[in-house]
Amino acid sequence: MTVTEHDIVVIGGGPAGLAAAIAAKKSGVNDVLILERGGELGGILNQCIHNGFGLHTFGEELTGSEYAARFIAEAEELGIPYKLDTMALDITPERVVTAVNRTDGVMTIKAGAVILAMGCRERPRGALNIAGFRPAGIFSAGTAQRLVNIEGYMPGKEVVILGSGDIGLIMARRMTLEGARVKLVAELMPYSGGLKRNIVQCLDDFDIPLLLSHTVVDIEGKERVTAVVVAEVDENRRPIPGTEQRISCDTLLLSCGLLPENELSQSAGVELSPVTGGAVVNESLETSVGGVFACGNVLHVHDLVDYVSEEAALAGENAARYVRGERCEGGEPISLRAGNGVRYTVPSFIAPERAGDKLTVRFRVADVYKNAFVCVYCGDECVQRRKKRVLAPGEMEQVVLTDRLFAENPGLSEITIKIETA
Amino acid sequence: MIYDTIIIGAGVVGCAAARFLSAYLADVLVLEREEDVCAGTSKANSAIIHSGYDAPNGSLKARYNVLGNAMTEKLSRELDFPFERRGSLTVCTDPSRVSVLEELRMRGEKNGVPGLRILDRDEALRLEPNLADGVVAALFAPTAGIVCPFKMTIAFAENACENGAEFRLNTRVTGLYREDGLWRVQTDRGEYTSKTVVNAAGVYADVLNNLVSERKLRITPRRGDYILLDRAVGGYVRHTVFPLPTKLGKGVLVTPTVHGNTIVGPTAVDIEDRESTATTADGINTVLERSSLSIKNLPVRSVITSFAGLRAHEDGGDFVIGEPDDAPGFFNCAGIESPGLSAAPAIGEEVARRIAEKLNLKADPDFKPERRDILDPSKLSTEERNILIKKNPAYGAIVCRCEGVTEGEILEAIRRPLGARSLDAVKRRVRAGMGRCQGGFCSPKVMELISRECGIPLDEVTKCGGASRITVGRTKEG
Amino acid sequence: MNTVELTCIGCPLGCNVTVKTEGERIISVSGNTCPRGESYARKEVTDPTRIVTTTMRVKGGARSRVACKTASDIPKGKIFEVMREIASAQAEAPVRLGDVLIVNVADTGVDVTATSSVAASDPQ
């Protein structure tokens, strides 16, 4: 068996892994290796052929595949080595990575630092407890996206979509453009989980109805889907008897949430957040296991890839500092608490000494708020209060903490981020 | 040609019968209406081998359950399917009903079940730490086990096939009659003739029986909903845990599977439609609620799928095995509800023996009792695995990430005799798509492999045969 | 006076923009947080356009489809016409990202360009 050593091993060659590897290399670490399980770099972006990527990063609107191509080109220019069709099987707390592919077989890689960038997976039908038959014609939206955009096959002709996550909305348009009839999108919650502009461009443009507070309660068809039954739900998300409507269709697409893929992280002993399903990290995006960093959708599910790239670059820089032994010792860390209306924050801990002059804290809100305030509290003192015209769970929010805040509040043990409505 | 036996139904009983018959010099034909073996009740059950204490004394259920249980270990080695003798706990939550455990123990002993013991709460907790707070005592049955019903059925089928039994899949029996001392079996793909027939038609066994015998049977499909939990919560239960049985069945059990998942179920709802394997919201809720009576804080958020199976409940409440007096050569294996999976090896062996006696069949000197399962590279040492990958790089390509299934395994599943032709058939053989993402990532790749290996267009690949095509055509060509 | 409520799609923020019109004339645009929002809203009310992203068949490629888009936005009403023309076209491998696949698609004055690359298939 081959045993090799590398300064930094990046698990995943999607947008997070690429940005992390590029940043690590630019920070002066030459020995960076990317392990990618797919047949090409770029990850899920390769099947995201729609536009809307890169406005923040490049100041222009790109498709997902174009966005990926820019990062791939940069990684190639920097000469960062990568292994494709390579599946990481295990990571130990001592950062020994076991991986397998066709040509190297099972290989062991000792890593100075590991960057977790495995992305996420879609919540499948089974996990949604939808009753009914189990025929062909039920797809998670991303699987359908791959079939249509990469393989060039149509998953079906008459489509109902459950869940208004972005991939579901994008696929509503995509299937419509390819000649399918998308009959409706049902969303369990009273608000959409997707970006507003996707609702406008993907549903409104094509007169596809979005039924909020609705779900699928039954699937008909023994071999192939023949119909689904959609019902309204009450405030406890329970179907309201008598509201059922049967929609004939041959396809049900599911866009009901993404789950960070942290099976490998768990093998390394990384502590996970029960809210995000991703690692609990500090200001350096370092997990509870020293020298193991996390970024992108494996850390928490993002709305925009631009933020993934930004976050991953930070992970790459910090991994570089780690292997070069350039990190200052952090003192007692400050806990970052998710207060009223805030589901979680990334990071969860901050060592002010390592936070730099500006630290971006990302979070998601738990409900839809209009004209609310995003507030940062040090103890009882509100140190930042920013009005937002709209806050929605589908869109990631951020606050920036500056070194001045930490300097003015020495000995701080906790910072709370919360939403105030008045 | 005149077959010695035609077996109708390639579920676990039919395949077991085929396997034991293939040990004789006999021409055996198995007819199956679905596109794969193990496609009915055998694929949707609790995946356990009961100890055999539950069935009434003197019943066929008791007899074949205890016999089958005793056979399973040797068979699992011969045929290379996973079986673990974990033991079961039947828990009592009502102090006034502890005596029922004692009744069950005595019943079990009369059935010939070894090692039954009644445990107090503390003893039970030592075996199973997550028992519900209300559990006051339990009946421990050390011989109970867990099995992979797919791999067991497929193992029987492949071994039978290797020993000369013929299989016709996608072949539905439409009629059956006796003529000139022979059986004529009509199907949607032509007529077959045989000296004997084995009726292993599951929920349709009464229909077949009633075509040829005045000893009428009536089978009611009894639907059971189940949920399956992620391997991530594996180990939450170590034994099969039953509540005290009721009239309708053994209640909602919680059991580990041989693959590290946890199965919870079933419900028991008598229905009329023999095809209705749809789960219901009520059923899933019932499963979730009732499980909490025996196991506390079950991590039900980790459910990865739910499914429903139909048990073939015969009015008499017992298995119906053997020839009706007015239909010589027609061997029933009917009413095979729980503990059918446990009993299947014994039923198969018994029916094979009786047919052999009747037809005066000789043992086949070339019979090969052993069969190897599809090679699983994750069970090899790293060195062995690397030698394998060097020889066949497909074993280095992981297709199903969740279950770590390689392209090599999937190719073998397709290329074997009785090979997989659909996503579900691949899943049952090598577990690609069985994991937490339920095929979200691997299904396009598995479709491609089936398409390539079987020489069919990708858009003709199905989930489970018939009209279950995954895609409906190409883009830009509609 | 007419009031049109729009969600700006100029960027992912999705500002809610209110456009007040008097006949053909736009009186006011409010709610946008950047100048792009205003120009989007004005345009959306008078001349809505979209970028179309889809795939095109590829001949002789390692993949059978290449991702493509209209190089800039086209009139919203022409989306399906553009799709039909793309559906009837076929690119020839190798295709490089940025290659022009159709010139002046559906007479919009806009080209269709490749947004991914497809290598030529291995000669076997």
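About the cut-offs
Residues numbered from 1 in each chain as written. Chains lettered and ligands numbered in written order. Predicted model: local features only at pLDDT ≥ 70, side-chain atom pairs only at ≥ 80, totals over all residues. Domains from an automatic or database assignment. Contact = placed C-beta atoms within 7 Å. Helix = DSSP H or I, 4+ residues; strand = E, 2+ residues; numbered from the N terminus. Nonpolar A, V, L, I, M, F, W, Y, C, P; charged D, E, K, R; others polar. Core = buried A, V, L, I, M, F, W, Y, C linked by C-beta atoms within 7 Å. Buried ≥ 20, exposed ≤ 12 C-beta atoms within 10 Å, placed from the backbone. Bend = angle between axes of the 7 residues up to and from the residue. Pairing = 2+ DSSP bridges. Axes fitted to C-alpha atoms, helices over the stretch in contact; angles between N-to-C directions. Left-handed = near helix turned anticlockwise from the far one by under 90°.

Examined at the domain level, chain B breaks down into domain 1 (86–144 + 220–312) and domain 2 (377–460). For domain 1 of chain B versus domain 2 of chain B, the separation of C-alpha centres amounts to 32 Å.

Take the interface of chain B and chain A next. Taken together, the contacts link 45 residues of chain B with 43 residues of chain A. For the side of chain B that touches chain A, the secondary structure elements donating two or more residues are helix H7 (281–294), strand S18 (303–314), helix H9 (382–391) and helix H12 (443–454) of chain B. No other element matches H9(B), which puts six residues into the side of chain B that touches chain A. Class assignment for the residues of the side of chain B that touches chain A results in 17 nonpolar, 19 polar and nine charged.

Within the largest apolar cluster, 169 residues are counted, with the highest numbers of intra-cluster contacts made by Leu252(A), Ala17(B), Ala18(B), Leu21(B), Ala157(B) and Cys333(B). The element best represented in this core is helix H8 (residues 340–359) of chain B, accounting for nine residues. Ranked by size, the runner-up nonpolar core spans 124 residues in total, among them Leu41(A), Tyr67(A), Cys437(B) and Val66(C).

A few words on the interface of chain C and chain A. On the chain A side, the residues contacting the 20 residues of chain C number 21 residues. Secondary-structure elements contributing two or more residues to the side of chain C that touches chain A are strand S5 (53–59) and strand S6 (65–70) of chain C. Its residues assigned to classes, the side of chain C that touches chain A shows seven nonpolar, eight polar and five charged.

All names here are of chain B. The axis of helix H2 (residues 60–79) is deflected most strongly, by about 40°, at Thr72. Counting buried positions along H2 yields 14 of 20 residues, so the element is predominantly enclosed. Two residues or fewer after H2 comes Asp80, characterised by a positive phi angle close to 60°.

Bringing unusual backbone geometry into the picture now. The amide bond that connects Val346(A) to the next residue, Pro347(A), takes the cis arrangement and shows omega of 5°. Cis geometry marks the peptide bond from Ser338(B) to Pro339(B); its omega dihedral reads 5°. Even without being glycine, Asn129(A) reaches a positive phi, approximately 55°. Mapped onto the elements, Asn129(A) comes out in the loop between strand S9 (120–122) and strand S10 (138–140). Overall, Asn129(A) belongs to the partly exposed group, with 16 C-beta atoms counted inside 10 Å. Positive phi values are uncommon outside glycine, yet Asn297(B) reaches one of about 50°. By C-beta crowding, Asn297(B) is classed as exposed, having 9 other C-beta atoms within 10 Å.

Across a sheet, paired strands are connected by hydrogen bonds in the backbone, their directions being either parallel or antiparallel. All names here are of chain A. With antiparallel pairing, the three strands of this open sheet are ordered in space as S14-S15-S16. Of all strands in the sheet, those with a lone pairing partner are strand S14 (214–220) and strand S16 (245–248), marking the two edges. The average angle at which neighbouring strand axes cross in this sheet is 30°, direction not considered. Of the strand pairs in this sheet, strand S15 (residues 227–232) and S16 are connected by four bridges, and their pairing is antiparallel. Paired with Ala227 across the two strands is Ser248, which belongs to S16.

Moving on: the domain arrangement of chain C. One can read the domain layout of chain C as domain 1 (2–47) and domain 2 (53–114). For domain 1 of chain C versus domain 2 of chain C, the distance between C-alpha centres works out to 30 Å.

Turning our attention to the pairing of strand S8 (residues 105–116) of chain A. Residues and elements named next belong to chain A. Within S8, ten of the twelve residues are buried, leaving the element largely enclosed by the surrounding structure. Two strands pair when backbone bridges link them, and strand S1 (residues 2–11) and S8 are joined in this way by nine bridges, in the parallel orientation. Paired with Val3 across the strands is Thr108, a residue of S8. Looking at chain direction, strand S7 (residues 96–101) and S8 are connected through six bridges and run antiparallel. Directly across from Thr98, in S8, lies its bridge partner Thr108. Between the antiparallel neighbours S7 and S8 lie three residues.

All names here are of chain A. If you trace the five strands from one edge of the open sheet to the other, you get S22-S20-S27-S24-S25, paired in mixed fashion. Looking at the sheet topology across the chains shown, the edges are occupied by strand S22 (349–350) and strand S25 (381–391). Where strand S24 (residues 369–378) and S25 come together, nine bridges link them in antiparallel fashion. Counted as the bridge partner of Cys375 is Arg385 from S25.

With that settled, consider the packing of helix H4 (residues 141–151) of chain A against helix H5 (residues 166–177) of chain A. All names here are of chain A. Interaxial distance between H4 and H5 falls to 9 Å at its minimum, and their mutual angle equals 35°. Here H4 runs over H5; the crossing is left-handed. Taking contact as the criterion, the partners of Ala141, Gly142, Ala144, Gln145 and Val148 in H4 are, on H5, Ile167, Gly168, Met171 and Arg174. Residues belonging to the contact of H4 with H5 are distributed by class as follows: five nonpolar, three polar and one charged.

Now for the environment of Cys375(A). Residue and element names in this part refer to chain A. When you line up the elements, Cys375 lands in strand S24. Owing to 20 C-beta atoms within 10 Å, Cys375 belongs among the buried residues under this scheme. Spatially, the C-alpha atoms of Cys375 and Asn340 are 9.9 Å apart, while their sequence positions differ by 35 residues. Discounting chain neighbours no more than four positions away, the residues touching Cys375 are Cys382, Gln384, Arg385, Lys418 and Glu420.

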